[in-house]
Amino acid sequence: MPTTEQRVVQQLKQLVAEPSVSSPDPQWDTSNRGVIEKLAGFTDELGFKVAVQPLQPGPGGKANLIARLGPEAPSNEQSGGLVLSGHTDTVPFDEGRWQSDPLALVERDGGLFGLGSTDMKGFFPVALAAIAELDLHELHAPLYLLATADEESTMRGARELPVDALKGASAAIIGEPTNLQPIRLHKGIMMQGVRLSGRSGHSSDPSLGRNVIDVVPALLTLFDRYRAELAQEFRCELLAVPTPTINFGCLHGGDSPNRICGELDFSFDVRMLPGLAYQDIETALNQRLTALASAHGIDIEMRRLVEPVPAFEQAEDSAAVIAAEAVTGCAAGAVNFATEAPFLQRLGLETIVLGPGSIDVAHQPDEYMPMDQLRPAIDVIKQLIAHHCL
Ligand SMILES: [Zn+2]
């Protein structure tokens, strides 16, 4: 019989070996079905009722896995069930910069090295080990294992979960790497493109066109003012950068010094705090950009470059946060990265982010899961399952 840690390593090896890259670049983008099939096998062995939710038609399309153990609804009104959630995909990788094959998990220097080992395929075998060590005949509320697609690109898997997919559960743990600190808050992200359209013409006579580069100083002033207003209004001391930010990412326009510049593209991102909705930002900026356009006799259009991820906050006095703080002995905090938490919360689940490993080694060569976090992580998950479902 393999030990619990050996079983975790064996399962993680199988999950890492299944490529599941998400990327807006179709040359990189890969189906996650291999990982879903492995997880379907692992959960089936433990007695879960397993459902696969296809996001695209056809056998190679991406999918979520929704596996349930225990009753459909809690047997007592006091407490609901639990969702253990992770994403199955990874970011693209630069194989030449890895010390070993990124898809072949290896153990060295106290770590398990492989693509997605900590972000976040490693959470699944840890969660399954916790489940295997408990006596689950006594489950009075449903325990779900949820595995999503496309977290690293569009978050489509979490966005497209059916409203009743996790019924009977009242809390969720997303096992992103937090070094086992419970996380109850993060910023949201939106990325927008702006196109300024004037009219090109011969540079020798400015009246022949409308030069949009002349409007750039006013455009930057508009954004600077808005940024300062947001910083005045929104602040959260849990975060290392406590105010919303707006970053100008790129600016492209024009083609020749002797032509009036007729078109210019500009893009930026906003990192929103809880309480600041992306719809409100779009409305405020659209109003100001429309006024700027008419003052300068040009057209300005703003569009979403990607679907926004809302900011996330789980109240500090909610039951799931209090339970996670008690089990880990660690005050709930905030992180600088976005997760699927707002989408699970939208389904009515009290949500926290809590998992083994460190985000500092994710999305880069030689990503690893520290071996000495496996046992503590299994114990934390066991206690949280016991709290919510037993
Ligand atoms: Zn992740």
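Here the structure is a predicted model, which is why all the values come from computation and not from measurement. (Residues numbered from 1 in each chain as written. Predicted model: local features only at pLDDT ≥ 70, side-chain atom pairs only at ≥ 80, totals over all residues.)

Draft legend 1. Region of the structure containing the overall build of the protein chain. Broken down by element type, the protein chain carries 10 helices and 16 strands. When the backbone C-alpha atoms are referred to their principal axes, the protein chain occupies close to 85 × 45 × 40 Å. Taking all 390 residues of the protein chain together, 43% fall into the buried category. A sequence separation of at least 24 residues applies to 77% of the contacts in the protein chain between residues at least 6 apart. (Helix = DSSP H or I, 4+ residues; strand = E, 2+ residues; numbered from the N terminus. Buried ≥ 20, exposed ≤ 12 C-beta atoms within 10 Å, placed from the backbone. Contact = placed C-beta atoms within 7 Å.)

Draft legend 2. Inspection of the domain arrangement of the protein chain at higher detail. Here the domain parsing of the protein chain yields domain 1 (4–186 + 311–389) and domain 2 (188–304). The gap between the C-alpha centroids of domain 1 and domain 2 is 37 Å. On the domain 2 side, the residues contacting the eight residues of domain 1 number 10 residues. (Domains from an automatic or database assignment.)

Draft legend 3. The arrangement of the environment of Gln10 in detail. Mapped onto the elements of the fold, Gln10 is located in helix 1 (residues 4–17). Of the residues examined, Gln10 has 12 C-beta atoms within 10 Å and is grouped as exposed.

Draft legend 4. Region of interest: helix 2 (residues 33–45). Along its 13 residues, helix 2 runs 18 Å from first to last C-alpha, staying within 8% of the 18 Å computed at 1.5 Å per residue. All of the buried residues along helix 2 are Arg33, Val35, Ile36, Lys38, Leu39, Phe42 and Thr43. Its buried side turned inward, helix 2 meets helix 1, strand 1 (49–54), strand 2 (63–69), helix 4 (123–133) and strand 6 (143–148). (Expected span 1.5 Å × (residues − 1).)

Draft legend 5. Fine view of the environment of Ser197. Structurally, the position occupied by Ser197 is in strand 9 (residues 188–197). Spatially, the C-alpha atom of Ser197 lies 57 Å from that of Asp109, the residues being 88 residues apart in sequence. If we skip the residues at most four places from it in the chain, Ser197 touches Gly262, Glu263, Ile298 and Asp299.

Draft legend 6. Up close: the packing of helix 1 against helix 4. Remark: helix 1 packs on helix 4, axes separated minimally by 9 Å, with the N-to-C direction vectors making an angle of 140 degrees. Of the two possible hands of crossing, helix 1 and helix 4 adopt the one that is right-handed. For the pair helix 1 and helix 4, contact is made by Thr4, Arg7, Val8, Gln11, Leu12 and Leu15 and by Phe124, Pro125, Val126, Leu128, Ala129 and Glu133, respectively. Classifying every residue of the contact of helix 1 with helix 4 gives eight nonpolar, two polar and two charged. (Axes fitted to C-alpha atoms, helices over the stretch in contact; angles between N-to-C directions. Left-handed = near helix turned anticlockwise from the far one by under 90°. Nonpolar A, V, L, I, M, F, W, Y, C, P; charged D, E, K, R; others polar.)

Draft legend 7. Up close: the sheet that holds strand 11 (residues 263–272). Here we have four strands laid out as an open sheet, ordered 10-11-9-12, and antiparallel in their pairing. Two strands bound the open sheet, and with one partner strand each, they are strand 10 (245–253) and strand 12 (299–304). When the angles between neighbouring strand axes are averaged without regard to direction, this sheet yields 20 degrees. Where strand 10 lies against strand 11, eight bridges are found, and the strand directions are antiparallel. In the strand pairing of strand 11, His252 is matched with Asp265. In the packing of helix 7 (residues 278–296) onto the sheet, the strands contacted are strand 9, strand 11 and strand 12, and the crossing angle to strand 12 comes to about 165 degrees. (Pairing = 2+ DSSP bridges.)

Draft legend 8. Broad picture of the sheet that holds strand 5 (residues 111–113). Overall, antiparallel pairing links the three strands, which are arranged 4-5-16 in an open sheet. A single partner strand is all that each edge strand has here, and the edge strands are strand 4 (106–108) and strand 16 (368–370). Between one strand and the next, the sheet's axes are offset by a mean angle of 25 degrees, whatever the strand orientation. Here three bridges tie strand 5 to strand 16, and the two strands are oriented antiparallel to one another. Bridge pairing in strand 16 links Gly111 to Pro370.

Draft legend 9. Spatial organisation of the pairing of strand 6. A large share of strand 6 lies buried, amounting to six of its six residues. Residues of strand 6 alternate between two faces, with Leu143, Leu145 and Ala147 on one and Tyr144, Leu146 and Thr148 on the opposite face, all of them buried. Pairing geometry for strand 2 and strand 6, over five bridges, is antiparallel. Counterpart to Leu69 in the pairing with strand 6 is Leu143. Looking at chain direction, strand 3 (residues 81–87) and strand 6 are connected through six bridges and run parallel. The residue bridging His87 from the neighbouring strand is Thr148, located in strand 6.

Draft legend 10. Highlighting the nonpolar core. Judged by nonpolar contacts, the single largest core of 84 residues is most densely connected at Leu82, Val83, Val126, Ala127, Tyr144, Ile352 and Ile381. Taken domain by domain, this core gets at least three of its residues from each of domain 1 (4–186 + 311–389) and domain 2 (188–304). Residues Leu196, Leu219, Cys261 and Ile298 belong to the second largest nonpolar core, which totals 10 residues. (Core = buried A, V, L, I, M, F, W, Y, C linked by C-beta atoms within 7 Å.)

Draft legend 11. Up close: the packing of helix 8 (residues 319–328) against helix 10 (residues 374–389). It is the contact of helix 8 with helix 10, at a shortest axis distance of 10 Å, that shows an interaxial angle of 140 degrees. It follows that helix 8 is oblique to helix 10 by the angle criterion. Relative to helix 10, the crossing made by helix 8 is right-handed. Residues Ala323, Ala324, Val327 and Thr328 of helix 8 lie in contact with helix 10, whose contacting residues are Val380, Gln383, Leu384 and His387. (Parallel < 35°, antiparallel > 145°, perpendicular 65-115°, else oblique.)

Draft legend 12. Broad picture of helix 1. Its 14 residues place the ends of helix 1 20 Å apart at the C-alpha level, agreeing with the 20 Å of an ideal helix rising 1.5 Å per residue. Contacts made by the buried residues of helix 1 are with helix 2, strand 5, helix 3 (117–121), helix 4 and helix 10.

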